Amino acid sequence: MNYWLFKSEPFKFSFDMLKALGDKGTQWDGVRNYLARNNMRAMQIGDLGFFYHSNEGLEVVGICEVCALAHHDTTTEDPRWECVDVRAVRDMPRPVTLVEVKANPKLEKMSLVTSMRLSVQPVTPDEWKEVCRMGGLDPAP
């Protein structure tokens, strides 16, 4: 199992919107960064990700799951762009803010801190456990 972080501006697509789609989920489309695209290409079905509200809130608000492997992003005709499908798994009992992440020495190398603009980021198992702990979750899937 691999872990990821998906960033979205909540006024465009929030975690509540993802939850409303149920088990079918939706494609994580519109990504136009090669590193973020390559991260999605590396994903496997069942991988888990933090859902992070960017620009507003600046916090990890939920957990989602990859439910379809990388495929063509239907929002563009450009064949270079791919995306995965994700579905909501659960809310974070307590959202974990960017300020808290940056203040935690265990997370100083987390991509959320070092590569803030990247919209789809890898998360190490230790980072996953720590953010889950901070949010009041058992890190086991």
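Look above for the structure.
Since the model is a prediction, treat every value here as computed from it, not as a measurement. (Residues numbered from 1 in each chain as written. Predicted model: local features only at pLDDT ≥ 70, side-chain atom pairs only at ≥ 80, totals over all residues. Heavy atoms only, no water.)

A. The arrangement of the overall build of the protein chain in detail. Helices and strands together make up the secondary structure of the protein chain, namely 5 helices and 6 strands. Element order for the protein chain, N to C, with α for helix and β for strand: β-α-β-α-β-β-β-α-α-β-α. Taken against the 2.2 N^0.38 rule, which gives 14 Å for 141 residues, the C-alpha radius of gyration of the protein chain at 14 Å falls within 12% of a compact globule. Expressed along its principal axes, the backbone C-alpha trace of the protein chain runs to roughly 40 × 30 × 30 Å. Sorting the 141 residues of the protein chain into buried and exposed places 46% on the buried side. Within the protein chain, contacts between residues at least 6 apart in sequence are counted, and of these 67% link residues at least 24 apart. Between the mean site of the 17 positive side-chain charges and the mean site of the 20 negative ones, the protein chain shows a separation of 4 Å. (Helix = DSSP H or I, 4+ residues; strand = E, 2+ residues; numbered from the N terminus. Rg over C-alpha atoms; globule rule 2.2 N^0.38 Å. Buried < 20%, exposed > 50% of the residue type's maximum accessible area, 1.4 Å probe, protein only. Contact = heavy atoms within 4.5 Å. Lys, Arg positive; Asp, Glu negative; His and termini not counted. Charge placed at Lys NZ, Arg CZ, Asp CG, Glu CD.)

B. Quick peek at the pattern of salt bridges. Counted under the stated rule, the structure contains 10 salt bridges. A salt bridge links Lys19 to Asp16; the nearest nitrogen and oxygen atoms lie 3.1 Å apart. Taken together, the positions of Lys19 and Asp16, both in helix α1 (residues 15-20) and 3 residues apart, correspond to about one turn of that helix. We classify Lys19 as partly exposed; its relative accessible area is 33%. (Salt bridge = Lys/Arg side-chain N within 4 Å of Asp/Glu carboxyl O.)

Function cannot be inferred from these measures alone, as they are strictly geometric.
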